[in-house]
Amino acid sequence: MKDIPEPVLVKPNDVKIRMSVLGICGSDIHYYTQGQIGSQRVVYPFTVGHEGAGVVVEVGPEVKRVKPGDKIAIEPAMPCWKCDQCLSGRHHTCRNLKFLGCPGQAEGCLMEYIVMPEDSCFLLEGKLTPDNGSISEPLAIGVYAVKKSGSVKNLKTGILGYGPIGMSVMLSAKAEGADSFFVTDKIDPRLSIADKEGAIYTGNPLREDVVASILRKEHLGLDVVFECCGQQEAFDQAIEILKPGGRLVVVGIPEFDRWSMNVETTRRREISLQFIRRQVDCVESALEMMKNGNINIGNMVTHRFPFSKTKEAFDLVAGYEDGVMKAMIDF
Ligand SMILES: [Zn+2]
Ligand SMILES: [Zn+2]
């Protein structure tokens, strides 16, 4: 940790924010322990962090949607709004995207003050807390994955990998009326959280044959499965537990370069495959669902650390210690 000058407003639509809280993401941990994710490599000094909420302290002359004193959630994506992707409504795959805490794109928000464009600021209204604001980032990925799955209403749903993203998928799918949840993870405390959230089956693949257990409970197989851990083993299990015509949604980020899949089962069962890249336009829905009580994140935040104890927080999350789901830094 080091002292740097406070950032200043540069563009007329800039907003200066005093950070209130930051959620630690798996990708922050990758940069911390590996120094890179795929080809994106950190060059020291670099600030990580992209799940933030704060208070507006200063705004540029053209800013309209927020004013000093407002509590806001920070959307970490800063698209160009000009390329083919942006113009077709896919600004999450913007050709010139700058994303907070991504090396070569933008410094992250693990600092006391940050300047962001107005478009990245979402007002925390009503009873929404800074935690809601910070969690709106991973939660929006769950909301988006469920949206891209088609529909989960009354469907039997599998979630393989129950970290904060798997949990975000479950909370979103529950809000959209999914019928029942089958959840697997290698960390037992995470399965306990899935139990609390109402999963009808939770299983640890280190101890049991989760495919056999799920098919014993649901002979015909599941309608939709979300792969949320980026593991080949989970991808294979997902295909085994899907019914013919089932849908596999891949949200997890693998550490390897290529997925492989069984030709026979994917073809004969006519499995649909959908990959997910972060999210687009789902922050507001995520905030709205927390505001109206359709989504409750009460079981997600398991640990809190003051800003000065950031290292301890990162080490805890990196080691999957103490049943951690989401750890927050308070500024
Ligand atoms: Zn994140
Ligand atoms: Zn663009």
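Parameters at a glance
Residues numbered from 1 in each chain as written. Chains lettered and ligands numbered in written order. Predicted model: local features only at pLDDT ≥ 70, side-chain atom pairs only at ≥ 80, totals over all residues. Heavy atoms only, no water. Salt bridge = Lys/Arg side-chain N within 4 Å of Asp/Glu carboxyl O. Helix = DSSP H or I, 4+ residues; strand = E, 2+ residues; numbered from the N terminus. Buried < 20%, exposed > 50% of the residue type's maximum accessible area, 1.4 Å probe, protein only. Contact = heavy atoms within 4.5 Å. Donors = N, O, S within 2.8 Å, 3.2 Å for Na, K, Ca; no water. Tetrahedral: all angles 85-135°; square planar, octahedral: opposite > 155°, others 65-115°. Axes fitted to C-alpha atoms, helices over the stretch in contact; angles between N-to-C directions. Parallel < 35°, antiparallel > 145°, perpendicular 65-115°, else oblique. Nonpolar A, V, L, I, M, F, W, Y, C, P; charged D, E, K, R; others polar. Arc of directions from axis to C-beta.

Caption draft 1: Expanded view of the pattern of salt bridges. Taken as a whole, this structure holds 15 salt bridges when the rule is applied. Asp70 is the salt-bridge partner of Lys67, the closest N and O atoms lying 3.1 Å from each other. Glu197 is paired through a salt bridge with Lys174; the nearest N and O atoms lie 2.8 Å apart. With Glu197 in the loop between helix 5 (188-196) and strand 12 (201-203) and Lys174 in helix 4 (residues 164-175), this residue pair connects regions lying 23 residues apart in the sequence.

Caption draft 2: Inspection of helix 1 (residues 26-33) at higher detail. Inspection of helix 1 places Ser27, Asp28, Ile29 and Tyr31 among the buried residues, and these make up the whole buried set. Elements that come into contact with the buried residues of helix 1 comprise strand 1 (14-23), strand 2 (36-37), strand 3 (40-41) and helix 10 (310-318). Directly beyond the C-terminal end of helix 1, a positive phi value near 75° is found at Gly35.

Caption draft 3: Highlighting the coordination of the zinc ion (ligand 2). The protein atoms donating to the zinc ion (ligand 2) are Cys80 (SG), Cys83 (SG), Cys86 (SG) and Cys94 (SG), with metal-donor distances spanning 2.3 to 2.4 Å. If you list the donors of the zinc ion (ligand 2) from N- to C-terminus, the spacing comes out as C-x2-C-x2-C-x7-C. A relative accessible area of 10% means that Cys83 is categorised as buried.

Caption draft 4: Quick look at the coordination of the zinc ion (ligand 1). Summarising the metal site, the zinc ion (ligand 1) is bound by the protein donors Cys25 (SG), His50 (NE2), Glu51 (OE) and Glu137 (OE), whose distances to it range over 2.2 to 2.7 Å. Relative to the metal, the 4 donor atoms surrounding the zinc ion (ligand 1) lie at angles of 82 to 172°, and the coordination shape comes out irregular. Along the chain, the residues donating to the zinc ion (ligand 1) are arranged with the sequence spacing C-x24-H-E-x85-E. Taken together, the residues span a long stretch of sequence, with Glu51 in strand 4 (residues 51-59) and Glu137 in helix 3 (residues 130-148) at a distance of 86 residues. Looking at Glu51, the relative accessible area reads 1%, which means it is buried.

Caption draft 5: Focus on the packing of helix 1 against helix 10. One can describe the packing of helix 1 onto helix 10 by two numbers: an axis separation of 10 Å at closest approach and a directional angle of 100°. Taken together, the axes of helix 1 and helix 10 are roughly perpendicular relative to one another. Packed against helix 1, whose contacting residues are Asp28, Ile29, Tyr32 and Thr33, the element helix 10 presents Lys311, Phe314, Asp315, Val317 and Ala318 at the interface. Of the residues that constitute the contact of helix 1 with helix 10, the class distribution is 5 nonpolar, 1 polar and 3 charged.

Caption draft 6: Spatial organisation of helix 5. Within helix 5, burial applies to Arg190, Leu191, Ile193 and Ala194. Buried residues of helix 5, seen end-on, are gathered within an arc of 155° and therefore sit on one face of the element. Along its buried surface, helix 5 packs onto helix 4, strand 11 (180-184), strand 12 and strand 16 (301-306). Looking one or two places after helix 5, you find Gly198, whose phi comes out positive at around 100°.

As far as function goes, none of this settles anything; it's purely spatial.
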